[in-house]
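Residue-level structure breakdown
One letter stands for each residue in the lines below.
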Amino acid sequence: STIGNTPPIILLAAVEPEHVPLGEQLKAKVEARDPDQDQVTVLYRWKRNGEVLREGPEDTLDTTGLKLGDLLQVEVVARDPQSQGKVVLSMPAIVSNGAPRIVSQPRTDIVAGRYEYLVQATDPEGEVLTYQLETAPPGMQIDKQTGQIIWQSTSEQVGRHRVRVVVQDQTGTTSFQEFEL
């Protein structure tokens, strides 16, 4: 007598992180097992607010272009060469506000005692950004709107100086960049 095939089982279907910043990757965490030790393949059906967004073998979802508050879930099904197991749906993740990102690199040259650096940052939601100096040598200034840093050092300010620039979006989410002069 022959023993029939047993379909694979999904033991775990989850997404992380639970609050995914807009523009970041959402990752499926899946554990599947086949009672017959057959090779298992997993199909991922990514859903946004209940609607299928993408289907295939990819266990990550790029959230670029989605909206704040979108509910994201992954529906997974495991297959062995003979059969398909039950479909399992993860708990939802929420698309949250992404942090702004500083994309420029600081200059380190000081010419005739003058230092200039235009801090450039992007925000996944396209929010208006503001810039501030959290740590800086006396006299260093930053334009809150443009991120332009200007510093005219004095002869007493010889030595190493730490600088920490903070960029903030309209919802209060921040990023920073630190460097030494």
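Just above, that's the structure.
Here the structure is a predicted model, which is why all the values come from computation and not from measurement.

**A closer look at the pattern of salt bridges**
- As enumerated under the stated definition, the model contains 13 salt bridges in all.
- Put simply, Glu75 and Arg45 hold a salt bridge, and the shortest N to O gap is 2.5 Å. Of the two residues, Glu75 sits in strand E7 (residues 71-79) while Arg45 sits in strand E4 (residues 41-48), which places them 30 residues apart along the sequence.
- For Glu75, a relative accessible area of 13% gives the class buried.
- Here Arg164 and Glu134 are joined by a salt bridge, their closest N and O atoms 2.6 Å apart. With a gap of 30 residues between them, Arg164 in strand E16 (residues 162-168) and Glu134 in strand E13 (residues 130-135) connect regions that are remote in the sequence.
- According to the relative accessible area criterion, Arg164 is buried, its value standing at 19%.
- Classification of Glu134 as partly exposed rests on a relative accessible area of 47%.
- Three or more residues are tied together by salt bridges with common partners; here these are Arg45, Lys47, Glu55 and Glu75.

**What about the pairing of strand E3 (residues 25-33)?**
- Alignment of strand E1 (residues 9-16) against E3, held across 7 bridges, turns out to be antiparallel. Its bridge partner being in E3, Ala13 is matched across the sheet by Val30.
- Here E3 runs beside strand E6 (residues 60-62); their pairing, made up of 3 bridges, is antiparallel. Note that in E6 the partner of Gln25 across the bridge is Asp62.

Conventions we followed
Along each chain, the written sequence defines residue order, and numbers are assigned to residues from 1. Selection of residues for local features in this predicted model requires a pLDDT of at least 70, selection of side-chain atom pairs for listing and counting requires 80 or more, and totals for whole chains, interfaces and linings are taken over all residues. Working from all heavy atoms in the structure, the side-chain values ignore hydrogens and water. What counts as a salt bridge is simple: a side-chain nitrogen of Lys or Arg found within 4 Å of a carboxyl oxygen of Asp or Glu. Under the DSSP-based scheme used, a helix requires at least four consecutive residues in state H or I and a strand at least two consecutive residues in state E, with every element numbered from the N terminus. Type-normalised accessible area, obtained with a 1.4 Å probe on protein chains alone, sets the label of each residue: buried when under 20%, exposed when over 50%, and partly exposed for intermediate values. Pairing between two strands requires that DSSP report at least two bridges joining them.

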